[in-house]
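This is what each chain is made of:
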There are 2 protein chains.
Amino acid sequence: MADNESGPLTPLELYDRLTAQGDRVRTLKTEKASKSDIDEAVKQLLALKVDYKTSTGQDYKAGSPPTDATPVIQNGPPDDEDDFVDPWTVQTGSAKGVDYDKLIVRFGSSKIDKELIDRIERLTGKKAHHFLRRGIFFSHRDMHHILDAYENKKPFYIYTGRGPSSDSMHVGHLIPFIFTKWLQEVFNVPLVVQLTDDEKYLWKDLTIEKAYQYTIENAKDIIALGFDVNKTLIFSDLEYMGMSPGFYKNVVQVQKHVTFNQVKGIFGFTDSDCIGKISFPAIQAAPSFSSSFPEIFNGRRDIQCLIPCAIDQDPYFRMTRDVAPRISYPKPALMHSTFFPALQGAQTKMSASDANSSIFLTDTPKQIKTKVNKHAFSGGKDTIEEHRKYGGNCEVDVCYMYLTFFLEDDEKLEQVRQDYTSGAMLTGELKKLLIDTLQPLIAAHQERRKQVTAEIVKQFMTPRKLAFDF
Amino acid sequence: MADNESGPLTPLELYDRLTAQGDRVRTLKTEKASKSDIDEAVKQLLALKVDYKTSTGQDYKAGSPPTDATPVIQNGPPDDEDDFVDPWTVQTGSAKGVDYDKLIVRFGSSKIDKELIDRIERLTGKKAHHFLRRGIFFSHRDMHHILDAYENKKPFYIYTGRGPSSDSMHVGHLIPFIFTKWLQEVFNVPLVVQLTDDEKYLWKDLTIEKAYQYTIENAKDIIALGFDVNKTLIFSDLEYMGMSPGFYKNVVQVQKHVTFNQVKGIFGFTDSDCIGKISFPAIQAAPSFSSSFPEIFNGRRDIQCLIPCAIDQDPYFRMTRDVAPRISYPKPALMHSTFFPALQGAQTKMSASDANSSIFLTDTPKQIKTKVNKHAFSGGKDTIEEHRKYGGNCEVDVCYMYLTFFLEDDEKLEQVRQDYTSGAMLTGELKKLLIDTLQPLIAAHQERRKQVTAEIVKQFMTPRKLAFDF
C-alpha cells in the first residue's frame, strides 16, 4: 500500500503517483535493481492501481489522466485479488496464480472450451495435447476461423517467438514451443519462430553481438525440441531484417498505423523511453503477416497466421489485430497459455536472471534435485501428522503444478492429486516424483541439444522455401 | 529527407522543444559529453528561449507551459527578419531569403570562409566549385577533420540523399547532387545516396509501391547527372533494409540512444504522431556510419562520413553527431547549402507539388519560357523608364538568383549584376538570359536521362564492392 501523508489523495494526485511509480518500476528494471526492490516497487504500483480504481471507478490508463467528469464509484472494499499482466509485469496476490477467467474478460478473448477442443480432435483425428486438456492453453482469438480454413483445405501458418535474454532457457520457456510443435505436427503447417534480439538489445544492457549470441544459443534449445527443418524457419530480428525483402515493408506499414498515444496506452511507454522501444511493437507484429516471409509463401499476402504464446504477449497482438485490416491483411488468430510458475510460488512469473527461480535446461540432475527440494513452494502441512490428517493443497503446490505441465499420464496425475489432497502422499514423495520426471526429461534435452551443430542452426535460420507449396 | 510543409510553431510547440532541449543539455552534462557538444546544445537552448520570448512575450519557465491566458506582448511589428528552419518548415519574412549568418549562429555550425575554400583548392589542386565561391554551400561542421584525413591519405566517404516525393524533380533538387558530384570527383571517394521512400510512405498518403516507384524515377534523374557507377551506391530504404547485414543494426543502435523527448524537441513530433515517424530519424542517421555498407567498406566501422545537404536537414545530423560517440562511431562532417528559391520569391522553399513554383526536369523549352516570364519574381521596376533610371534589385530578383546557381561564368554573372542594378539591363533581358541558360541545360538532362535504362538503375542500386579498397 502507498503511504498517505496528508489526507486522501485526489484522483489527479493518484494518477500522477501511479505514472511516477510506473516510471520507477521501469527504471529499476532497466538498472537491474535487486529482485526484492523491484517486487516492492511493483507491489506499490498495484496498490496504487487499486486505490485509483476505488477512487475513480476506472482502470488506470497511462496517458489518460482523470478528468473532473470522471464518476467516482465506491463499490465496497477494493478487490485485493486484482492481477496485473503486461509483457513486462505479471503480478497476482494469490498463491493459486493469476485468475485467468478474469483475464479473459479483461482482455476480451475467448475461453478454450470443450467444444473447441472437441472440434480440434475431430478435425485432426488426434487426441488433444495435455496442455489443452488441462487448461494450460486456456484462451484464444479466432481459433474457429483457423479451423474453418483447415476444414476447407485453406493453408495457415504458425508464428511464435522468444526474447533471447540469456544463454540458458528454463523449463517454462519450453511451454509455447512444446505446444507449437504439437500444433505444427497435427495440422502440418509452416512455422516461423522470431527471436527478438533487437528487443533485448533495446531493453537490456547488452551489446548487439551479445544479443545475437543469445539468439544462437536459444535457437539450439528450440531446435533440440525436434522441430522439422523442412517446415520451420527460426530467425533473429537483427539478422533477418537485413535478409528479407518483405519484413521491413511490413514493419513500416504497422508503424504508420500506430501512434505514440496508442503504444503509451498499451505498453506504458513514456516520453523518456528511447525511440527503439517505442517503435518495437511493430517488429513483433510484422511476422503475423505472410508477406514478411516471401520465400516461404511465394509472396502471398493472404495466408492466415496462428500465434501460440503466453497471455502476457497478447497486448502486442491486440495491437496487430487492430492494424491488420487497415493494411489489408488477415488478423492473426491466437492461443494463450497460462504462466509457468516460479519454484517459489505462482505469485510471480519466473525470471531467467534468478537461477533458483526455476529449473534451467542446463541444470544437472543434482541441481534439479536440490532446487526442487529446497525451493519448490509446498502445499503440504507443517508436520507429517498434520499432513496425514488434513492432506496437502494441490492448488498452491508448485511441484503439483509442474507435474501438470510435464507428467503426460492423465490417470497418474489424477492419482497424485487425490493422494496428496487426502494426505496419503507426503510432500517428500511428491517432490521425488517431480525430480524423477524432470531429471530424464532435462538429460534427454541436453543430449539432443549436443547434436545441434552450427550447421544445423544455420539451416534453420536461412530464409528459404519450406516443404509447402503456395 | 523531408520537404517543408507546415507553418510556424505555436507557443506550446516551442515550449515542448525548449523542455526537450533542456533535458538534452542536462543529459550531455551528466554523460560528461565534450565541451563543444555541450556548448552547442546550450547555444540552441538560448536561441529557443529567444524564440519563445518573441512568440509569447514571456520568459520560458520549466514546468509552466503557456496557456491561452498567456499575454502576448506585441512590441511594435513582429520581427519579420526572424527565420524558422527545420526539416519540414522553412519560414522567412524577407524576400532576400533566410538570413544564413543568423542560422549559423543559431545552429552552432561554422561558416565556410575563404580560408576553408583556399584549403580545399590547395589540397585538391582544383578550383572551388561556384557553389562554394558564391556562398551557396555556406556552412559546415568538421570540414577541417575531413581535410586533415584527406591530407593524411585517410579515406572518407560522402553520403547524401533525397525524399522521393514525386515522379519529377525540380532544378532545386539538383543542387546537393551537383555539388556532391563535384566533391566526389575532386576527392575521389565513395558515395552513398539514400532515397527515403519509407519516410515518404510514412508522411504522405502513398502506398509502399508508389513510394518505391518514385525512388526509381528519382534515381534516374540522379544517375543522369553523370555519377560513376563504380564509385556510387544509390539505395531505397524500403529495399536496402532487407538487403544489408549492417543497416538495421545501426538503425537500432541509434534508436536505443535517442528518446522520444529528444525527437520531440528536435523535430516537433507529438503524441499523436505514428511510431514510424518517431523512429524515422534513426534511419536517416544510420548511413552516416560506414558499417551500414559492409560491401563497400569491407565491414570497417571507422571511415568518416561527409554529408552535403540543404541546411534544413541539419537537425537530423545534429542528432546523429550527438549519438555517434556513444556508439563508438566517428561523427559525420557536414556541408550545408542555402535554399533554392521558389520562382515566386525567396520567402519560401519550393514545393514539388506546385508545378509553377519551379522549373521541373521534365519541363519543355516552352514551359520553361512561360514559367520564367510569367512566375519569376522580379526585382525590376514597374516601367522601363523607372528601371532605366533607378535600376533593378538583384537581391530579391529570382532570375538573378537562379543564374547564381546555373551560370558558371563568374565574369558574365558579375556583368549581369552590374547591368541589372544600374538599369542598363531590363527585366525582359534578364529573363531571356535565364531561359537561354536553363533550356539547353534541361534538354541535355532529359537526353541523358533517356539513356538511363532499368538495367543501369539496378546496377547503381545493387549493394556491392565499389572501386575502392578498404
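Data block above holds the structure.
Summary of the structure given here. (Residues numbered from 1 in each chain as written. Chains lettered and ligands numbered in written order. Predicted model: local features only at pLDDT ≥ 70, side-chain atom pairs only at ≥ 80, totals over all residues. Heavy atoms only, no water.)

What to know about the overall build of chain A
Looking only at helices and strands, chain A features 22 helices and eleven strands. Out of the 470 residues belonging to chain A, those deemed buried represent 56%. In chain A, once contacts between residues fewer than 6 apart in sequence are set aside, the share between residues at least 24 apart is 76%. By element, 50% of the accessible surface of chain A is carried by carbon and sulfur atoms, the whole surface being about 19900 Å². (Helix = DSSP H or I, 4+ residues; strand = E, 2+ residues; numbered from the N terminus. Buried < 20%, exposed > 50% of the residue type's maximum accessible area, 1.4 Å probe, protein only. Contact = heavy atoms within 4.5 Å. Areas by Shrake-Rupley, 256 points an atom, 1.4 Å probe, with all protein chains shown as cover.)

Description of the nonpolar core
The tendency in soluble globular proteins is for nonpolar side chains to be buried as a group. Val254(A), Val263(A), Phe293(A), Val263(B) and Phe293(B) are the most contacted members of the largest nonpolar core, which has 103 residues in total. Excluding its chain neighbours within four sequence positions, the residues that come into contact with Val263(B) are Ile275(A), Val258(B), Gly268(B), Phe269(B), Ile278(B), Pro281(B) and Met319(B). (Core = buried A, V, L, I, M, F, W, Y, C linked by side-chain atoms within 4.5 Å.)

Considerations on the pairing of strand β4 (residues 137–141) of chain A
Residue and element names in this part refer to chain A. Of all five residues in β4, five are buried, a share of seventy percent or more. As judged from the two bridges shared by strand β3 (residues 110–111) and β4, these two strands associate in the antiparallel manner. The residue bridging lysine 111 from the neighbouring strand is serine 139, located in β4. Alignment of β4 against strand β9 (residues 333–337), held across four bridges, turns out to be antiparallel. (Pairing = 2+ DSSP bridges.)

Overview of the packing of helix α12 (residues 260–267) of chain A against helix α16 (residues 314–323) of chain A
For any two helices packed against each other, the geometry comes down to the angle between their axes and how far apart the axes lie. All names here are of chain A. Direction vectors running N to C along α12 and α16 enclose 145°, while the axes themselves pass 10 Å from each other. Like other packed secondary-structure pairs, α12 and α16 cross with a definite hand, here right-handed. Residues Gln262, Val263, Ile266 and Phe267 of α12 lie in contact with α16, whose contacting residues are Pro315, Tyr316, Met319 and Asp322. Here the residues of the contact of α12 with α16 sort into six nonpolar, one polar and one charged. (Axes fitted to C-alpha atoms, helices over the stretch in contact; angles between N-to-C directions. Left-handed = near helix turned anticlockwise from the far one by under 90°. Nonpolar A, V, L, I, M, F, W, Y, C, P; charged D, E, K, R; others polar.)

Overview of the packing of aromatic side chains
Taken as a whole and assessed by the stated rule, the structure comprises 56 aromatic pairs over all chains. Centre to centre, the rings of Phe280(A) and Tyr316(A) are 6.0 Å apart; their planes meet at 85°, and the pair counts as edge-to-face. Linking Phe280(A) in the loop between α13 (275–279) and α14 (281–285) with Tyr316(A) in helix α16, this pair joins segments that are 36 residues apart in sequence. Judged on exposure class, the residue Phe280(A) and its partner Tyr316(A) are both buried. For the pair Tyr240(B) and Phe293(B), a centre-to-centre distance of 5.7 Å together with 25° between the ring planes defines the contact as stacked. A residue pair is termed long-range when its members are at least 10 positions apart, and Tyr240(B) in helix α10 (residues 237–240) and Phe293(B) in the loop between α14 (281–285) and α15 (294–297) qualify at 53 residues. You can call Phe293(B) buried: its relative accessible area is 0%. Taken together, the aromatic side chains of Phe131(A), Phe137(A), Phe179(A), Trp182(A), Phe340(A), Tyr402(A), Phe405(A) and Phe406(A) make up a single cluster linked through ring pairs. Above the face of the Tyr201(B) ring, Lys256(A) is positioned so that its terminal group lies 4.2 Å from the ring centre. (Phe/Tyr/Trp six-rings, centres within 6.5 Å; stacked < 30°, edge-to-face > 60°. Lys NZ or Arg CZ within 6 Å of the ring centre and 35° of its normal.)

As for the sheet that holds strand β7 (residues 232–236) of chain B
Neighbouring strands of a sheet are bound in pairs by backbone hydrogen bonds; such pairs are parallel or else antiparallel. Residues and elements named next belong to chain B. The sheet built from seven strands is open, its strands ordered β3-β4-β9-β8-β5-β6-β7 with mixed pairing. On the outer flanks of this sheet lie β3 (110–111) and β7, each paired with one strand and no other. Against the sheet, helix α3 (residues 100–107) contacts β3 and β4 (137–141), and its axis sits at roughly 10° relative to β4. On the sheet, helix α6 (residues 143–151) packs against β4, β5 (156–162), β8 (304–310) and β9 (333–337) and is oriented at approximately 135° with respect to β8.

Some thoughts on the pattern of salt bridges
Residues and elements named next belong to chain B. The full count for this structure, using the stated rule, is 46 salt bridges over all chains. A salt bridge links glutamate 151 to arginine 119, with the shortest nitrogen-to-oxygen separation between them at 2.8 Å. Taken together, the residues glutamate 151 in helix α6 and arginine 119 in helix α4 (residues 114–124) connect sequence positions 32 residues apart. By relative accessible area, glutamate 151 is classed as partly exposed at 45%. Where lysine 450 meets glutamate 447, a salt bridge forms, and the shortest distance between an N and an O atom there is 3.6 Å. Taken together, the residues lysine 450 and glutamate 447, both in helix α21 (residues 427–450) and three residues apart, mark about one turn of the helix. Judged by relative accessible area, which is 41%, glutamate 447 ranks as partly exposed. (Salt bridge = Lys/Arg side-chain N within 4 Å of Asp/Glu carboxyl O.)

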